[in-house]
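# Commentary on secondary and tertiary structure
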Amino acid sequence: MIEDNKKTFEKALRESVKRPGVEELLDWIAATDFYTAPASTKYHGNYPGGLTEHSLNVFRRLIRKEDEIPGVNKTERIAVVALLHDLCKANFYVQKASWEENGKRIYKYGYENQLPIGHGEKSVILIQRYMQLTHEEIVAISWHMGQFDVRAKALPYELSQAWERYPLAFLLHIADMEATWLDEH
């Protein structure tokens, strides 16, 4: 499953994104634990490979909303924000313990944040080390947690403005929630 998801992820990014830096970004991703990491410690995808699975689920969910996204290069923009929105979780989780429970392996994860600068913001910075993002993509990735982002309490107008200006940002949040609660929970 992990290897299949890795191949699917790499294929989707390569086929959808035609801008400089994609190969270098994929090389960096391959050097991290992105393909084997969990998506969270306890909420969804809290097992090896959960992060890649979640990213693919968000991509599939957002592709279904393509007609609601204005502009051109929709598939590329969707692939960038959906597949890479949680890049900040690469090299983030550490396995604390694992054991068998009723014949099922249980994983417990904690985290060690080596770059504590915020969730979406960290993904944006990591991506831009290799590949240029548009303003729309930066806003979508930065605000993909929506009202669950701690900034939303202090800056509610900024979140509203982001979603109003960039429908892709709102739709990424919705696709992320759908993947989390409908596909993975």
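By convention here, each chain's residues receive numbers from 1 onward along its written sequence. Since the coordinates come from a predicted model, pLDDT governs what is reported: local features require at least 70, and pairs of side-chain atoms require 80 or more to be given and counted, while whole-chain, interface and lining totals use all residues. Note: side-chain values were computed over all heavy atoms of the structure, leaving out hydrogens and water.

## So, the pattern of salt bridges
Spelled out, the test is: Salt bridge, as used here: a side-chain nitrogen of Lys or Arg that lies within 4 Å of a carboxyl oxygen of Asp or Glu. Runs of E in the DSSP output that reach at least two residues are strands. Runs of H or I that reach at least four are helices, and both are numbered from the N terminus.
As enumerated under the stated definition, the model contains 10 salt bridges in all. Close ionic contact of Arg61 with Asp183 constitutes a salt bridge, the shortest N to O distance being 2.8 Å. With Arg61 in helix α3 (residues 50–63) and Asp183 in helix α9 (residues 167–183), this residue pair connects regions lying 122 residues apart in the sequence. Each member of the salt-bridge network shares a partner with another, and the members are Arg61, Lys65, Glu178 and Asp183.

## Remarks on the environment of Leu182
Keep this limit in mind: Accessibility here uses a 1.4 Å probe with only protein chains present; expressed as a share of the type maximum, an area under 20% marks a residue as buried, one over 50% as exposed, and anything in between as partly exposed. We call two residues in contact whenever any of their non-hydrogen atoms come within 4.5 Å of each other.
As for its placement among the helices and strands, Leu182 is situated in helix α9. Look at Leu182 and you get exposed, because its relative accessible area is 59%. For the pair Leu182 and Asn57, spaced 125 residues apart in the sequence, the C-alpha separation amounts to 9.9 Å. Leu182 has contacts with Arg61 and Met177, leaving out every residue within four places of it along the chain.

## Details of helix α6 (residues 135–142)
With respect to burial, α6 is a largely interior element, six of its eight residues being buried. All of the buried residues along α6 are Glu136, Glu137, Val139, Ala140, Ile141 and Ser142.

## Observations regarding the packing of aromatic side chains
Note the threshold: Whether two aromatic rings pair depends on their centres lying within 6.5 Å, for rings of Phe, Tyr and Trp, where Trp uses its six-membered ring; planes under 30 degrees apart make the pair stacked, over 60 edge-to-face, and the rest tilted.
Throughout the structure, instances matching the rule amount to five aromatic pairs. With 5.6 Å between their ring centres and 85 degrees between their planes, Phe34 and Tyr35 make a pair best called edge-to-face. For Phe34, a relative accessible area of 0% puts it in the buried group. Ring geometry for Trp163 against Phe170: centres 5.0 Å apart, planes inclined by 70 degrees, an arrangement best described as edge-to-face.

## Quick word on the side chain of Glu184
Filter applied, for reference: Residues scored as positive are Lys and Arg, those scored as negative are Asp and Glu, and His as well as the terminal groups of each chain are ignored. Here a polar contact is taken to be a pair of N or O atoms separated by no more than 3.5 Å, where protein atoms must pair a possible hydrogen donor with a possible acceptor and residues adjacent in sequence count only if both atoms sit in side chains.
For Glu184, the position within the fold is in the segment after α9. No salt bridge is formed by the buried Glu184; the nearest opposite charge belongs to Arg60, separated by 7.7 Å. Polar contacts involving the side chain of Glu184 include one to the side chain of His54, which spans 2.9 Å. In contact with Glu184, not counting residues within four places along its chain, are His44, Glu53, His54, Asn57 and Ala179.

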